[in-house]
Every structure is written in structure tokens, then in C-alpha cells.
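# Summary of the model geometry
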Amino acid sequence: MPLLDYDPTCLPDLLPLYYRRLFPFAQYYRWLNYGGVQKNYFQNREFSFTLKDDIYVRYQSFSTQNELEKEMQKMNPYKIDVGAVYSHRPNQHNTVKSGTFHALEKELVFDIDMTDYDDVRSCCSAADICSKCWTLMTIAIRILDRALREDFGFHHLLWVYSGRRGVHCWVCDEAARKLSVAARSALTEYLSMVKGGDETVKKVVLADPIHPFIRESLSVVEKYFPRYALQDQDMLGSKESVDKVLALVPEDVRKLLQQDFQKQKKPENRWELIIQEAKRKQSTAKKGQHFEKEIMLQYCYPRLDVNVSKGVNHLLKSPFSVHPKTGRISVPIDVSELDAFDPFAVPTISLICKELDRPKPGEENLEDIKGKEDDKDIAEKRKIRGDASSSGARGAGSSRAASDRAGEAAGGGVVA
């Protein structure tokens, strides 16, 4: 979707204004300082800045909010990444004894990128997204948010739009921040279901009994699947897309469905045939046949970047950073309003900088009203001055006449 209000060449002019007047430094510092309970927690946190012309500056650290604010307003980074809390101040890592500088803790993070779904979405590819495939991000947030809260007991989750083609999750509970690499790997493994590279055809394999976590995830997918997969992606429409789906079912079922699909052309009817065959297989087979569930999960289940989640010292793009390609701000996502979230409605830096000079709603005609009031005041003041002048002239004339009469009377008296 074209960004009519954003021109990347204007970014050097917009960033100083954004960091000076719009970036939420107070809230940002309060988040990463975690109440200041632990000494040196904020000042031992690593930040990295990507500057103009892809100049990458790592191991930045700051003692206070004011210091962070001044440096960001000085450097105007195109991108901000947040890293771990280290044993020493990151900007002094070259001065400490070798082997003593190491990452202590960091939020548990997840990075979900739309490009990882290219083999199962037909509307877009690579960095492009649209409202049809954005449903995949909605499903991912629904599944992971529930699992992290209910299965692992975490409470403090921050979901953030990346600014272009994905979402990030920051799990901020103290227990999550202190997880070891092994624990992060195990947790990520628990949440991962789609496995295998491009050469792997069947990437989801279910076994009996189906784990409660998988059943909960399926209940989320089933809510979105008919609209997303059958209608928006036309998963069972073209021959090519049908062949990809049928490659995921047993060979004997595939032959039956290929014949049945000759009579049924509607994707919804074809999907119903797949479900019927799955039920028939499940009633006759000795071991579980869940290929209809495997298809839904392979096409819709979240695809996680394991390396991002398991590494304590891995950096992740910061909330409220500006995406240099789209100009969009990496804004937090309200999970309670998730279905209403529209990535194309997220403001660009151009738009919000422009709004700084725009009157607030209801104040559009304030200047006109003020101007009219000023004109009215001026007219009234002129009228008052005019009346006063006339009164003064009349008063002066009356005084002179009285004085003349008095003089005449006095003169007449003298004469007399």
C-alpha cells in the first residue's frame, strides 16, 4: 500500500523534531528502569543506534533519562535497538577485564515476521503485507499471548508493531528477564510447532494425545481459518494451491479428494470434504489421523525466530522507533482491541510532525474567531474614543460659553 504522506528523503529533517517534541522519553525510561529497584539497572542496559547511511553504533548506555534524551536528540538515530542488561556499563566494555563483561538479563522477546509465511500466503510476498495476510499476525498474538499468560503465568506483556511487516513481544516480568539461555530455548521450543525449511513439505505432525496447548491454539485458528484461508487466500481455489494442500494428506485420501474436487469447486465445500475424510480416517485408523488440524496449523500457526528468543544478548528493535522504509512508528498494540488494529492506520513520522502545527479538533476556526473578536474590540474602542471626543468637544464648548457669559456678566458688573 503506497505511503502518500511519507518521503524517506525527508527523514533527516523529521527525526530531530520527533526526538525533540514527540518521543515519550519519560514513559520509555520508566519502563526500562523498572522502578529503579536494582542499582545500575538502567545504566548497564545496552542500546544500539543505526544512523544515516547504515552506520551502526553498538554498546551505547546512559545513566539517566536526561542523558539518554540528549544523546538521542544529538544523534537522531534512524533506528533504535534495545539489548541486555550487562555486568558493566556497555559504553565501557573495552575498559573492563577480558571475560568479565557479559549479559546478565533481558526481557523474553519474540519476533514474528510476515516473510516467514511466504510459502502459505498468496496475496503478498517478501516485505509486502495487506489486510488479508495481516490476519496471520492477529492469530499469532492471540495464541502466544494466551499461552504466555495462562501456561507460563506471565503478566507483563508488551506487544509492538514493528513498523513494517511484523510484530514483537516483550515479556517484562522479573522471572522472564532472569531466564537462562537454556530456559528461553525450552520455552521457545514449547511454543514452536511449524518446523522444517523450504525442502520440508509437511511441517506440522500431530500425535495422540493432542497436547492441551495445541488444542487451545487450534481453537484460535479455527475462528479465523474459514475467512482467512478459504476466502482471502483462496487456499483451495487454484490447481497449484490445491496441490499444496493435498500434499499434506495421506496418499489414499489424496486420490479420493482429487476425484471429489472435480465435482466441488467452492473452497468451503472442498474443505468440508477434507474434514469428512479426516473423520473417516480417525474412526478406522489405529493411530491418530489429524491431517485437517495439521493443515490449519501449517497455514496459520505462529512462526517464531528461535534465535531472537533464546539469546540473552540479542538486540531487538525498540518500541517508538521509526521504520526508515515506511516511516511508521513502532507503536504498542492493545490486545483487547486486537481485531481492530490496522497496520496501515499507524501514523507515519511525517503525519505526526505535521499534526504538531495543526489546530486541535474544535479549534480549527479559533484564529478566525479571535480575529473577529479583535476587530470587534477595536471597533468598540474606536466608538468609545469617538464618543469621548465628542463629549469632550461639547464640554469644552459649553465651558467656553459659560466662561464668556461669566466674563460678560463680570464685565457688565464692572462697567456698571
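One can find the structure itself at the top, above this paragraph.
To keep things clear, this report deals only with the structure shown in the data block.

Conventions we followed
- Residues numbered from 1 in each chain as written.
- Predicted model: local features only at pLDDT ≥ 70, side-chain atom pairs only at ≥ 80, totals over all residues.
- Heavy atoms only, no water.
- Core = buried A, V, L, I, M, F, W, Y, C linked by side-chain atoms within 4.5 Å.
- Buried < 20%, exposed > 50% of the residue type's maximum accessible area, 1.4 Å probe, protein only.
- Helix = DSSP H or I, 4+ residues; strand = E, 2+ residues; numbered from the N terminus.
- Contact = heavy atoms within 4.5 Å.
- Salt bridge = Lys/Arg side-chain N within 4 Å of Asp/Glu carboxyl O.
- Pairing = 2+ DSSP bridges.
- Polar contact = N/O pair within 3.5 Å; in protein donor to acceptor, adjacent residues only side chain to side chain.

## Observations regarding the nonpolar core
Counting 111 residues, the largest nonpolar core has Met-235 and Ile-349 as its most contacted members. Take this core: its biggest share by element is 10 residues, from helix 7 (residues 212-232). Ignoring anything within four residues of it in the chain, the contact list for Met-235 reads Phe-225, Ala-229, Leu-230, Ser-241, Val-242, Val-245, Trp-271, Ile-295 and Tyr-299. In this structure, Tyr-86, Val-96, Phe-101 and Val-312 belong to the second largest nonpolar core, which totals five residues.

## What to know about the pattern of salt bridges
One pass over the full model with this rule turns up 24 salt bridges. Here Lys-281 makes a salt bridge to Asp-252, at a shortest N to O gap of 2.9 Å. With a gap of 29 residues between them, Lys-281 in helix 10 (residues 267-284) and Asp-252 in helix 9 (residues 251-263) connect regions that are remote in the sequence. Judged by its relative accessible area of 16%, Lys-281 is buried. Owing to a relative accessible area of 38%, Asp-252 belongs among the partly exposed residues under this scheme. Put simply, Glu-277 and Arg-280 hold a salt bridge, and the shortest N to O gap is 2.7 Å. With Glu-277 and Arg-280 both in helix 10 and three residues apart, this pair spans about one turn of that helix. What makes Glu-277 buried here is its relative accessible area of 12%. Accessibility expressed as a relative area gives 37% for Arg-280, which makes it partly exposed.

## Considering helix 2 (residues 25-33)
Every buried residue of helix 2 is listed here: Phe-25, Tyr-28, Trp-31, Leu-32 and Asn-33. In this fold, the buried residues of helix 2 make contact with helix 1 (11-21), strand 1 (45-51), helix 3 (65-75), strand 3 (79-86), strand 6 (157-161) and strand 7 (166-171). In the segment just after helix 2, Tyr-34 is the residue with positive phi, at about 50°.

## Looking at the environment of Leu-297
Tracing the sequence through the fold places Leu-297 in helix 11 (residues 291-300). With relative accessibility at 0%, the residue Leu-297 sits in the buried group. In this structure the C-alpha to C-alpha distance between Leu-297 and Val-194, which are 103 residues apart in sequence, comes to 7.6 Å. Every residue in contact with Leu-297, bar those within four places of it in the chain, is listed here: Met-193, Val-194, Val-204, Leu-206, Ile-214, Leu-218 and Val-221.

## What about unusual backbone geometry?
Residue Asp-208 is joined to Pro-209 through a cis peptide bond whose omega torsion reads -10°. Considering the arrangement of structural elements, one finds Pro-209 in the loop between helix 6 (181-191) and helix 7. Of note, Asn-76 is a non-glycine position whose phi angle comes to about 45°, a positive value. Relative accessible area serves as the criterion here: at 18%, Asn-76 is assigned to the buried category.

## Quick word on the pairing of strand 2 (residues 55-60)
In summary, the side chains of a regular strand alternate between the two faces of the sheet. Two strands pair when backbone bridges link them, and strand 1 and strand 2 are joined in this way by four bridges, in the antiparallel orientation. Among the inter-strand pairings, Phe-49 is bridged to a residue of strand 2, identified as Val-57. Where strand 1 folds back onto strand 2 in an antiparallel hairpin, the turn is made up of three residues, including Asp-53, whose phi is positive at roughly 65°.

## Section: the side chain of Gln-60
Mapped onto the elements of the fold, Gln-60 is located in strand 2. Judged by relative accessible area, which is 15%, Gln-60 ranks as buried. Not counting residues within four places of it along the chain, the set of residues in contact with Gln-60 comprises Arg-45, Glu-46, Phe-47, Phe-49, Met-75 and Pro-90.

## A look at the side chain of Asp-145
The residue Asp-145 is located in helix 4 (residues 135-151) in this model. Residue class for Asp-145 comes out buried when judged on its relative accessible area of 9%. Within the local environment of Asp-145, its side chain forms a polar contact with the side chain of Arg-149, the two groups lying 2.9 Å apart. When neighbours within four sequence positions are excluded, Asp-145 is seen to be in contact with Leu-157, Trp-159 and Val-335.

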